[in-house]
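Residue-level structural notes
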Amino acid sequence: MPAVPAVPEAPLAAIRSLPSWLLGRAADRGRALVAEALAAEGLKMWHHVVLSAVRDLAPVAQADLGRGVRLDPKDLVGVLNDLQAAGLVVREPDPEDRRKNAVSLTAQGARLLVRCEEAARAANDELLAPLTAAERDRFLALLIRISGTEG
């Protein structure tokens, strides 16, 4: 029998050592953990993002909400339709411009959002579990610096 050739070292070693690749894998894992936690509450990631933004901005014009969360208007309509059908938000004429819709949370939406925020925090705690408290603080500070979101 002919000898089996040796398997060369992983051809992507150089790629897999790049900070951008590693950050992407960490982000993928974090998103998966949060998505799983939110799914247990019956929500998807965009549902959670929109509920959180509505809570912070309400009453908010639907167009302003879409710009604020950087979601295409067509996609936002779908998310809001889901949330409204579940009784989590209401859309009513905007008191400042009745041609627009203003979005607000319902009491049920506010309660669900609290549970989702707790679930997302727990998922992020799981993601960062290998780090000490001091390492977490340093890691988050460094992420803020390199992400361009500080200040």
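Heads up: the structure comes first, above all this text.
An account of the accompanying structure is given in this report. (Residues numbered from 1 in each chain as written. Predicted model: local features only at pLDDT ≥ 70, side-chain atom pairs only at ≥ 80, totals over all residues. Heavy atoms only, no water.)

Brief notes about unusual backbone geometry
Between alanine 58 and proline 59 the backbone carries a cis peptide bond, its omega angle lying at -10 degrees. Structurally, proline 59 is set in the loop between α3 (45–57) and β1 (60–61). Notably, arginine 70 is not glycine yet its phi reads approximately 60 degrees, a positive angle. Looking at the secondary structure, you find arginine 70 in the loop between α4 (62–69) and α5 (73–85). For arginine 70, a relative accessible area of 77% corresponds to the exposed category. (Helix = DSSP H or I, 4+ residues; strand = E, 2+ residues; numbered from the N terminus. Buried < 20%, exposed > 50% of the residue type's maximum accessible area, 1.4 Å probe, protein only.)

Observations concerning the pattern of salt bridges
Using the criterion set out here, one finds nine salt bridges in the structure. Linking glutamate 41 and arginine 115 is a salt bridge whose minimum nitrogen-to-oxygen distance equals 3.0 Å. Of the two residues, glutamate 41 is situated in the loop between α2 (19–39) and α3 and arginine 115 in helix α6 (residues 107–127); the sequence distance between them amounts to 74 residues. Where arginine 99 meets aspartate 97, a salt bridge forms, and the shortest distance between an N and an O atom there is 2.9 Å. Using a relative accessible area of 17% as the deciding quantity, one classes aspartate 97 as buried. Within the structure, one salt-bridge network assembled from shared partners comprises Arg25, Asp28 and Arg31. (Salt bridge = Lys/Arg side-chain N within 4 Å of Asp/Glu carboxyl O.)

Points about the pairing of strand β3 (residues 101–105)
Counting buried positions over the five residues of β3 gives four, a clear majority of the element. As paired elements, β1 and β3 share two bridges and run antiparallel to each other. Among the inter-strand pairings, valine 60 is bridged to a residue of β3, identified as valine 103. In terms of strand pairing, strand β2 (residues 89–93) meets β3 through five bridges, oriented antiparallel. When the sheet's bridge partners are listed, glutamate 92 is paired in β3 with alanine 102. (Pairing = 2+ DSSP bridges.)

Some words on the nonpolar core
Leu43, Val50, Leu51, Leu65 and Leu83 are the most contacted members of the largest nonpolar core, which totals 27 residues. If you tally residues by element for this core, the top one is α6, at six residues. (Core = buried A, V, L, I, M, F, W, Y, C linked by side-chain atoms within 4.5 Å.)

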